[in-house]
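Read off the chains here:
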Amino acid sequence: MLLITCPNCGPRDETEFHYGGQAHVPYPEDPSALSDAEWSRYLFYRENPKGLFAERWVHSAGCRKWFNALRDTVSYEFKTIYTGAKPLTAGAKGDSQ
């Protein structure tokens, strides 16, 4: 089992959380101007790197708040957990900034 540290509630068992996908994916400025192919790419295509990856998580069985995390996809180790207001550490995959 993984132990995930919620920024609001502290360390909790992984079964209390749900994965929300890649973090820092910008919403299109004008979605109605996108073709079907461009819209589907925005909805469904995400990076799948080996190593550090910026992810969204929700503490669904606790405070129900969303947060971001930098997680190593090889070791499953959470390197950093932060709210959306905190800047992402440089060098992580999944950062589209």
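What you are looking at is a predicted structure, and each value in this text was computed from that prediction instead of being measured.

## Side note on the overall build of the chain
At step 1: Along its length, the chain carries one helix and six strands.
At step 2: Going residue by residue from the N terminus, the α and β elements of the chain occur as β-β-β-α-β-β-β.
At step 3: With 97 residues in all, the chain has 30% of them scored as buried.
At step 4: A fraction of 47% describes how many contacts in the chain between residues 6 or more apart in sequence connect residues 24 or more apart.

## A look at the pattern of salt bridges
At step 1: The final tally for this structure, using the stated rule, is two salt bridges.
At step 2: Of the charged contacts in the structure, one is a salt bridge between glutamate 55 and arginine 71, with a shortest N-O distance of 2.7 Å. Residue glutamate 55 is found in strand β4 (residues 52–58), and its partner arginine 71 is found in strand β5 (residues 66–72); the two are separated by 16 residues along the sequence.
At step 3: Between lysine 79 and glutamate 77 there is a salt bridge whose closest N-O contact spans 3.1 Å.
At step 4: Overall, lysine 79 belongs to the partly exposed group, its relative accessible area being 44%.
At step 5: Classification of glutamate 77 as partly exposed rests on a relative accessible area of 42%.

## A closer look at a nonpolar patch on the surface
At step 1: Nonpolar side chains collect at one region of the surface, where Leu43, Phe44 and Tyr45 lie side by side and expose about 370 Å² of accessible area between them.
At step 2: By the secondary structure assignment, phenylalanine 44 is in helix α1 (residues 36–44).
At step 3: Using a relative accessible area of 64% as the deciding quantity, one classes phenylalanine 44 as exposed.

## Some words on the packing of aromatic side chains
At step 1: For the structure shown, the criterion picks out six aromatic pairs.
At step 2: Taking the centre distance of 5.3 Å and the plane angle of 35° together, the rings of tryptophan 39 and tyrosine 42 count as tilted. Pair noted here: tryptophan 39 and tyrosine 42 are both in helix α1, with a separation of three residues, about one helical turn.

Basis of the calculations
- Residues numbered from 1 in each chain as written.
- Predicted model: local features only at pLDDT ≥ 70, side-chain atom pairs only at ≥ 80, totals over all residues.
- Heavy atoms only, no water.
- Helix = DSSP H or I, 4+ residues; strand = E, 2+ residues; numbered from the N terminus.
- Buried < 20%, exposed > 50% of the residue type's maximum accessible area, 1.4 Å probe, protein only.
- Contact = heavy atoms within 4.5 Å.
- Salt bridge = Lys/Arg side-chain N within 4 Å of Asp/Glu carboxyl O.
- Patch = residues over 30% accessible without salt bridge, like charges linked within 9 Å, V, L, I, M, F, W, Y side chains within 5 Å.
- Areas by Shrake-Rupley, 256 points an atom, 1.4 Å probe, with all protein chains shown as cover.
- Phe/Tyr/Trp six-rings, centres within 6.5 Å; stacked < 30°, edge-to-face > 60°.

Coordinates in, geometry out; function isn't part of it.
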